[in-house]
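Residue-level structure breakdown
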Amino acid sequence: MAGNPERRAALVDAGIAVLAQEGARGLTFRAVDGEAGVPTGTASNYFAGRDELLRQIDARLHIRLAPDPEVTETLLRAPRDRSLVTAFMRDIMDRATRDRTGYLALLEMRLEATRRPDLRASFTESVRGDLEQGMEFHRQAGLPGGDETVTVLYLAMLGLILEHLTLPDVLDGALEGVSVPEGLVERIVTTIVPEK
């Protein structure tokens, strides 16, 4: 396998773009080569097969979609209350909106994992790891609520992100006077997170 790390990263990012645009069925080495603007056959020199490409897409997505440590550090200067949780949830929504391609690819990975047992096992492990990291962060930061709060927030935000990125008009006007997605983020946190 070829060893140029910059080229490999560019091919993985191209794979993410193809996955978001065409779905898992459209994720071929030829499509990745085309998206990356490299000669046909390049991706096959970097990945042993489609499964390896999917595993590397999974790893790359978790890096691309991770919180910015500087943003986290700045937010943690605020009091540990419900409004801080709202700020963190807004950051998640902002990141989803900024890297729409990455989040759509993440959703496609979920669908593909239902069809591929090996991918399902590894993807479940990485997503579960993210959830557990979120719980640990919540505890360490001294934010209100516990693991149940984090789990329900995770589910609510996942649903909001899914609707906002795929069918945004579904939520427009659903709750009178509540903006999408900003107002809904606030409603989610107010409904789920205890005041103290």
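Conventions used here
Residues numbered from 1 in each chain as written. Predicted model: local features only at pLDDT ≥ 70, side-chain atom pairs only at ≥ 80, totals over all residues. Heavy atoms only, no water. Salt bridge = Lys/Arg side-chain N within 4 Å of Asp/Glu carboxyl O. Buried < 20%, exposed > 50% of the residue type's maximum accessible area, 1.4 Å probe, protein only. Helix = DSSP H or I, 4+ residues; strand = E, 2+ residues; numbered from the N terminus. Expected span 1.5 Å × (residues − 1). Core = buried A, V, L, I, M, F, W, Y, C linked by side-chain atoms within 4.5 Å. Contact = heavy atoms within 4.5 Å. Axes fitted to C-alpha atoms, helices over the stretch in contact; angles between N-to-C directions. Left-handed = near helix turned anticlockwise from the far one by under 90°. Nonpolar A, V, L, I, M, F, W, Y, C, P; charged D, E, K, R; others polar.

What about the pattern of salt bridges?
Side chains bearing opposite charge may pair, as long as their charged atoms lie close to each other. Per the counting criterion, the structure on display carries 14 salt bridges. A salt bridge links Arg-116 to Glu-112, with the nearest nitrogen and oxygen atoms 3.4 Å apart. On the basis of relative accessible area, Glu-112 is assigned to the buried category, the value being 1%. Glu-132 is paired through a salt bridge with Arg-128; the nearest N and O atoms lie 2.9 Å apart. Of this pair, Glu-132 and Arg-128 both sit in helix α8 (residues 117-141), separated by four residues, roughly a single helical turn. For Glu-132, a relative accessible area of 39% translates into the label partly exposed. Each of Arg-50, Asp-51, Glu-112, Arg-115 and Arg-116 takes part in one network of salt bridges that share partners.

Quick word on α8
Given a rise of 1.5 Å per residue, 25 residues ought to cover 36 Å, and the 36 Å separating the end C-alpha atoms of α8 matches this to within 8%. Those residues of α8 not exposed but buried are Leu-119, Phe-123, Ser-126, Val-127, Leu-131, Met-135, His-138 and Ala-141. At the exit of α8 stands Gly-142, carrying a positive phi of roughly 70°.

Observations concerning the nonpolar core
Judged by nonpolar contacts, the single largest core of 51 residues is most densely connected at Leu-27, Ile-57, Leu-61, Met-89, Met-109 and Leu-160. Counting only elements with at least two residues in this core, the list comes to α1 (5-22), α3 (42-46), α4 (50-64), α6 (82-98), α7 (100-113), α8, α9 (147-166) and α10 (182-192).

Comments concerning the environment of Arg-110
With respect to the helices, strands and loops of the structure, Arg-110 is situated in helix α7. With 63 residues separating them along the chain, Arg-110 and Phe-47 place their C-alpha atoms 21 Å apart. Every residue in contact with Arg-110, bar those within four places of it in the chain, is listed here: Phe-123, Val-127, Tyr-154 and Leu-158.

Description of the packing of α6 against α9
Their axes nearest at 11 Å, the elements α6 and α9 cross at an angle of 35°. Crossing hand, α6 versus α9: right-handed. From α6, Val-85, Met-89, Ile-92, Met-93, Ala-96 and Thr-97 reach across to α9, where they touch Leu-153, Met-157, Leu-160, Ile-161, His-164 and Leu-165. Grouping the constituent residues of the contact of α6 with α9 by class yields 10 nonpolar, two polar and no charged.

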